[in-house]
Amino acid sequence: MPTPNPDPRHIRSHWHEARSGAHYAGGRWRNARAAGRDPSRVARALAHHAPNLGGQLVLDAPSGVGRLREAIEERGARYVGLDASPSMLAEGSGGGFVQGSAWALPFPSRTFGAVVCCRLLHHVPDEGSRAALIGELLRVSTGPVVLSFWDSASWHAWRRRKGVRRARHADSRTALHRGELERLVRAAGAEPLEYFSSLRFVSQQTILIFRAKASCQD
Ligand SMILES: C[S@@+](CC[C@H](N)C(=O)[O-])C[C@H]1O[C@@H](n2cnc3c(N)ncnc32)[C@H](O)[C@@H]1O
């Protein structure tokens with residue numbers, strides 16, 4: 001397995017640009033429906049797999065500008081957002097934001113009742129870094145980890161593979177096979193629980209919920 005490279009600048013430096021936060025908070029989404037998809041998937045995932053989050057801390061890493069905050073707080077949880085980019089964090093409102101790396105979370109083990117990681121994994125270029133990220137998210141959670149990824153079994157991913165849909169960015173964003181992701185999750189001592197996507201085979205962005213096996217948390 002290649003050595004993980006947890007330096008966020010090697011993932012995409014453009015998030016550190018001053019205008020990134022304002023763009024993400026403003027014109028990033030095509031319309032309100034598109035903007036609402038991730039928050040509603042995360043809310044559903046938490047409702048099913050962490051129904052008793054009242055008063056517990058929930059980590060959103062990377063938080064970006066904190067657009068999942070409401071979906072997390074409506075579960076009665078206390079929100080903590082972590083992101084590497086000061087530009088993204090500057091757009092966050094309501095407090096509870098921390099700057100840091102998702103590969104070296106500045107929190108003790110088992111701090112959070114649940115952890116959400118949305119729209120980062122498809123930017124992670126190598127398996128070692130994906131495994132390290134999954135391990136770090138699990139380390140700080142006593143409950144489920146809600147992880148979004150690009151599903152290789154989707155219309156969008158197929159079009160990319162065939163060159164029908166061209167990447168907007170020069171970097172190579174990666175769609176994963178569900179089996180590949182499950183293998184990483186199991187290798188980290190966790191159990192895959194459920195997938196959430198708006199439309200199977202259509203939505204590229206999909207969520208996998210997993211949690212540490214009881215014996216791995218002792
Ligand atoms: C596509 S955005 C998604 C943000 C948020 N999860 C959302 O869905 O709105 C990816 C985010 O990952 C952050 N990021 C990149 N590398 C990181 C790292 N090593 N640690 C923490 N955050 C990182 C970027 O700054 C950016 O805000």
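As shown above, the structure is provided for reference.
Calculation notes
- Residues numbered from 1 in each chain as written.
- Predicted model: local features only at pLDDT ≥ 70, side-chain atom pairs only at ≥ 80, totals over all residues.
- Heavy atoms only, no water.
- Disulfide = S-S within 2.5 Å.
- Buried < 20%, exposed > 50% of the residue type's maximum accessible area, 1.4 Å probe, protein only.
- Pairing = 2+ DSSP bridges.
- Helix = DSSP H or I, 4+ residues; strand = E, 2+ residues; numbered from the N terminus.
- Axes fitted to C-alpha atoms, helices over the stretch in contact; angles between N-to-C directions.
- Contact = heavy atoms within 4.5 Å.
- Core = buried A, V, L, I, M, F, W, Y, C linked by side-chain atoms within 4.5 Å.
- Near = heavy atom within 4 Å.
- Polar contact = N/O pair within 3.5 Å; in protein donor to acceptor, adjacent residues only side chain to side chain.
- Areas by Shrake-Rupley, 256 points an atom, 1.4 Å probe, with all protein chains shown as cover.
- Nonpolar A, V, L, I, M, F, W, Y, C, P; charged D, E, K, R; others polar.
- Parallel < 35°, antiparallel > 145°, perpendicular 65-115°, else oblique.
- Left-handed = near helix turned anticlockwise from the far one by under 90°.

Things to note about the state of the cysteines
Right, on to step 1. For the structure shown, the criterion picks out zero disulfides.
Right, on to step 2. Cysteine 117 takes part in no disulfide bond, and the closest cysteine sulfur, belonging to cysteine 118, lies 7.8 Å away.
Right, on to step 3. With relative accessibility at 1%, the residue cysteine 117 sits in the buried group.
Right, on to step 4. The class of cysteine 118 is buried, set by a relative accessible area of 8%.

A few points about the sheet that holds strand E4 (residues 114-117)
Right, on to step 1. An order of E3-E2-E1-E4-E5-E7-E6 is seen for the seven strands of this open sheet, with the pairing classed as mixed. For this open sheet the edge positions go to strand E3 (97-99) and strand E6 (190-196), each flanked by a neighbour on one side alone. In this sheet, adjacent strand axes meet at a mean angle of 25° when their direction is disregarded.
Right, on to step 2. Where E6 meets strand E7 (residues 205-212), six bridges bridge the pair, whose relative direction is antiparallel. Counterpart to proline 192 in the pairing with E7 is phenylalanine 210.
Right, on to step 3. Across the sheet, helix H2 (residues 32-49) lies against E4, strand E5 (145-150), E6 and E7, angled at about 130° from E6, the strand it touches most.
Right, on to step 4. Seen against the sheet, helix H7 (residues 178-187) touches E5, E6 and E7 and runs at an angle of roughly 145° to E6.

Considerations on the nonpolar core
Nonpolar side chains in soluble globular proteins tend to end up buried together.
Right, on to step 1. The biggest cluster of nonpolar side chains holds 30 residues, and the ones touching the most others in it are Leu59, Leu147 and Phe210.
Right, on to step 2. Those elements that place two or more of their residues in this core are strand E2 (78-83), E4, helix H5 (127-139), E5, H7 and E7.
Right, on to step 3. Element by element, the count of residues in this core is highest for H5, at four residues.
Right, on to step 4. When sequence neighbours within four positions are dropped, the list of residues in contact with leucine 59 reads Val80, Leu82, Leu105, Phe107, Phe112, Ala114, Val115, Val116 and Val140.
Right, on to step 5. Grouped together as the second largest cluster of nonpolar side chains are 17 residues, Val58, Leu68, Phe196 and Ile207 included.

Side note on the site of the ligand
Right, on to step 1. Within the structure, the ligand sits among 19 residues, and Pro62, Arg67, Asp83, Ala102 and Cys118 are positioned closest to it.
Right, on to step 2. The separation between a nitrogen atom of the ligand and a polar main-chain atom of cysteine 118 is 2.7 Å.
Right, on to step 3. Coverage of the ligand by the protein chains reaches 98% of its 590 Å² of free accessible surface.
Right, on to step 4. Here the residues of the shell around the ligand are counted per class, giving eleven nonpolar, five polar and three charged.

Quick word on the packing of H5 against H7
Right, on to step 1. Packing of H5 against H7 leaves a shortest axis separation of 9 Å and a crossing angle of 55°. By the angle class used here, H5 and H7 are oblique. As for the relative orientation of H5 and H7, their crossing is right-handed in sense. Taking contact as the criterion, the partners of Glu127, Arg130, Ala131 and Ile134 in H5 are, on H7, Glu180, Leu181, Arg183, Leu184 and Val185.

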